[in-house]
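A structural walkthrough
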Amino acid sequence: MSNSVIPQIFLTSVENLLAYSGLFSNARRGERISGSSGTIIIKCKDLRVLQLDIPGMEQCLNIAHSIETLSCLDRVSEMYPFFYRPSDLSLQDQWGLSSPEKHYSQMKELHDRWRLSAVNRDYSVCPSYPPAVIVPKSTDDEVLKKVAKFRQGGRFPVLCYYHRKNGMIIMRSSQPLTGANRKRCREDEQLLQAVIEGSDKGYIIDTRSSQQAQQARMTGGGFESKSSYSHWKRLHRQMERGKALQESLIKLVEACGDTSHNMDRWLSKLENSKWLSHVQTALSTAGLLAECVERDGHSVLVHGSEGTDSTLLISTLAQLIMDPRCRTLEGFLALLEREWIQAGHPFQQRCAHFAYSHARLQLESPVFLLLLDCVWQVLRQFPLALGFSEALLLRLATEAYASNYGTFLCNSHQERCSLGVMKNTHCLFSALLRPEKRDYYSNPLYEPTELAIWPSVHPQSLQLWRGFFSEVDPTSSSPRRGSGGNKEHGHRVGEAGTLKLKPFLWTLSLNM
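In this report, we go over the structure that sits alongside the text. (Residues numbered from 1 in each chain as written. Predicted model: local features only at pLDDT ≥ 70, side-chain atom pairs only at ≥ 80, totals over all residues. Heavy atoms only, no water.)

Structural notes on the layout of surface pockets
Taken as a whole, the second largest pocket spans an internal volume of roughly 470 Å³. Residue lining of the second largest pocket: 26 residues in total, with E306, T308, D309, P346 and R350 positioned closest to the centre. Listed by contribution, the elements that provide at least two residues to the lining of the second largest pocket are α6 (242–256), α9 (310–322) and α11 (347–350). Looking at the lining of the second largest pocket residue by residue, the class counts come to three nonpolar, 15 polar and eight charged. (1 Å grid on protein atoms, 1.4 Å probe; cavity = no way out; pocket = protein on both sides within 12 Å on 5 of 7 lines; lining within 4 Å. Points joined across faces, edges and corners; volume = space filled by probe spheres on them. Helix = DSSP H or I, 4+ residues; strand = E, 2+ residues; numbered from the N terminus. Nonpolar A, V, L, I, M, F, W, Y, C, P; charged D, E, K, R; others polar.)

Now the structure itself:
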């Protein structure tokens, strides 16, 4: 409409109510505009586009201003998960599926050489780690404190996976702070030596290129030198992260929204986005990690720079490849809880904006979405091997950016504890396993296998995840599968020109 003002706002929470996170208006506040109606276009974080046609320009602007005000809540405790109270869930229910203590107790084979350490009980050693971690029994807590000072962000090497078939393990950490002067930490060297005691060598998979690792020394970072870690072989596999990954997603969404119907143009945009290249790199690096453990029979340490993004991505995928327990519905959700929620992936920062946002990129990066895309590729290639369906992956992709649950709030276990997330919100993973939901998210074709599954990474074997990215099409009117119910793609305001929403929900559910 030529006389309509079309502000654009970005969705952060979808349930029975639409919520938004940013407003761009063609009219200055207080300026009266001629015309009898207005239109608000809502671009959502789950890739849907909604249109509100509102009789009365003044009411349109008032609604747009209210949306803008209510979408800029800075405090986590004001966000909708703290007010979401479904009748079938109770805050007294157990929060979460797994914990370091439970994980350790389930692996009796570890107890001779590994122990559960509470060195981080007050989060002073590593702010992004949980209070308890699994470490070599021969390494005491004082040594761990010294190692933490030698690793970026205090993320010292901890065990994340034990391979029952051959006793090999996967550890993860952040980069060592060797710096330009090639500093050493004897305690760090001793810890890694204790990991491979009785073995001839171990592997270090660095998710940076060799050049990037060398450059990191100039800013205080670095890598494990061959002279100091003689029994460890370092392998570099460059994986994009941060801004580069976010820009790739933006280009992909732009390509998917191209309505020119020109196949050559579409394919060119898809290739230029490099998204499928990132999928290929992630799967091939995870395959390398799994091969080192499963086929070569060696333990592996994984890290990049911070150890909170690509490190978690490939450790999760490698466990999915090797361990049949991680392929069940409950096992997969427990894996995500261990490797992403408890391990300190900064969801609040990485998922602050999606591809539609015009905000300047800061710490956003769709690493978790990339993981889900990779898992979907595995599911497509091995339709019988996974106990969960695409609907679960679609639900998780949506919930990571906009959720009624507290699972993806904050950036670390410490933040969730200090803000009372686990006491005052519901856990998504527990909700998904309720009897009435379990069948919907389960794979009816599932046939368990003890064998490792090795996904192909050839370009012709990888496809665009249409179940998720097809939502970009603004002309689409079908609700996405796995979104948890039927949701309209638009709402036309009635004769009275008011949104028929409960004021209480409207006030409390709009958040960042």
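Some remarks on the nonpolar core
As a rule of thumb, soluble globular proteins bury nonpolar side chains together. F332, L396, F429, W465 and F469 are the most contacted members of the largest nonpolar core, which has 96 residues in total. Per-element accounting of this core gives the leading share, 11 residues, to helix α12 (residues 367–381). In this view, W465 contacts L369, L372, D373, W376, E390, L393, L394 and A397; residues no more than four positions away in its chain are not counted. Formed by 31 residues, the second largest nonpolar core is a distinct cluster that contains W114, C126, V133 and F150. (Core = buried A, V, L, I, M, F, W, Y, C linked by side-chain atoms within 4.5 Å. Buried < 20%, exposed > 50% of the residue type's maximum accessible area, 1.4 Å probe, protein only. Contact = heavy atoms within 4.5 Å.)

Side note on α12
Between its terminal C-alpha atoms α12 stretches 21 Å, which fits the 21 Å expected from 15 residues at 1.5 Å a residue. Counting buried residues in α12 gives 13 out of 15 residues, a clear majority hidden from the surface. (Expected span 1.5 Å × (residues − 1).)

Things to note about the pattern of salt bridges
As enumerated under the stated definition, the model contains 20 salt bridges in all. The salt bridge involving D88 is made with R434; its shortest N-O contact spans 4.0 Å. Taken together, the positions of D88 in the loop between α1 (57–70) and α2 (100–105) and R434 in the loop between α16 (428–432) and α17 (435–441) put the pair 346 residues apart, joining distant regions of the chain. The class for R434 is partly exposed, based on a relative accessible area of 25%. Put simply, R184 and E189 hold a salt bridge, and the shortest N to O gap is 2.9 Å. One network of salt bridges, in which partners are shared, links D88, R434 and E436. (Salt bridge = Lys/Arg side-chain N within 4 Å of Asp/Glu carboxyl O.)

A look at the packing of helix α8 (residues 275–294) against α9
Axis separation between α8 and α9 bottoms out at 8 Å; the angle between their running directions is 60 degrees. Viewed along their axes, α8 and α9 adopt a mutual orientation that is oblique. Relative to α9, the crossing made by α8 is right-handed. For the pair α8 and α9, contact is made by A282, L283, T285, A286, G287, L289, A290, V293 and E294 and by L313, I314, S315, L317, A318, I321 and M322, respectively. Residue classes in the contact of α8 with α9 are distributed as 12 nonpolar, three polar and one charged. (Axes fitted to C-alpha atoms, helices over the stretch in contact; angles between N-to-C directions. Parallel < 35°, antiparallel > 145°, perpendicular 65-115°, else oblique. Left-handed = near helix turned anticlockwise from the far one by under 90°.)

Focus on the packing of aromatic side chains
Under the definition given, this model contains 15 aromatic pairs. Residues W340 and F368 carry aromatic rings whose centres are separated by 5.4 Å and whose planes lie at 70 degrees to one another, so their mutual orientation is edge-to-face. Of the two residues, W340 is situated in helix α10 (residues 329–342) and F368 in helix α12; the sequence distance between them amounts to 28 residues. For the pair F368 and F408, a centre-to-centre distance of 5.5 Å together with 55 degrees between the ring planes defines the contact as tilted. Of this pair, F368 sits in helix α12 while F408 sits in the loop between α13 (390–401) and α14 (413–418), and the two are 40 residues apart along the sequence. With respect to class, F368 is no different from F408; both count as buried. Following the ring pairs from residue to residue traces out a cluster consisting of W275, W376, W465, F468 and F469. (Phe/Tyr/Trp six-rings, centres within 6.5 Å; stacked < 30°, edge-to-face > 60°.)

A look at α6
The end-to-end C-alpha distance of α6, which contains 15 residues, comes to 22 Å, matching closely the 21 Å that a straight helix rising 1.5 Å per residue would cover. Listed in full, the buried residues belonging to α6 are L245, Q246, S248, L249, L252, V253, A255 and C256.

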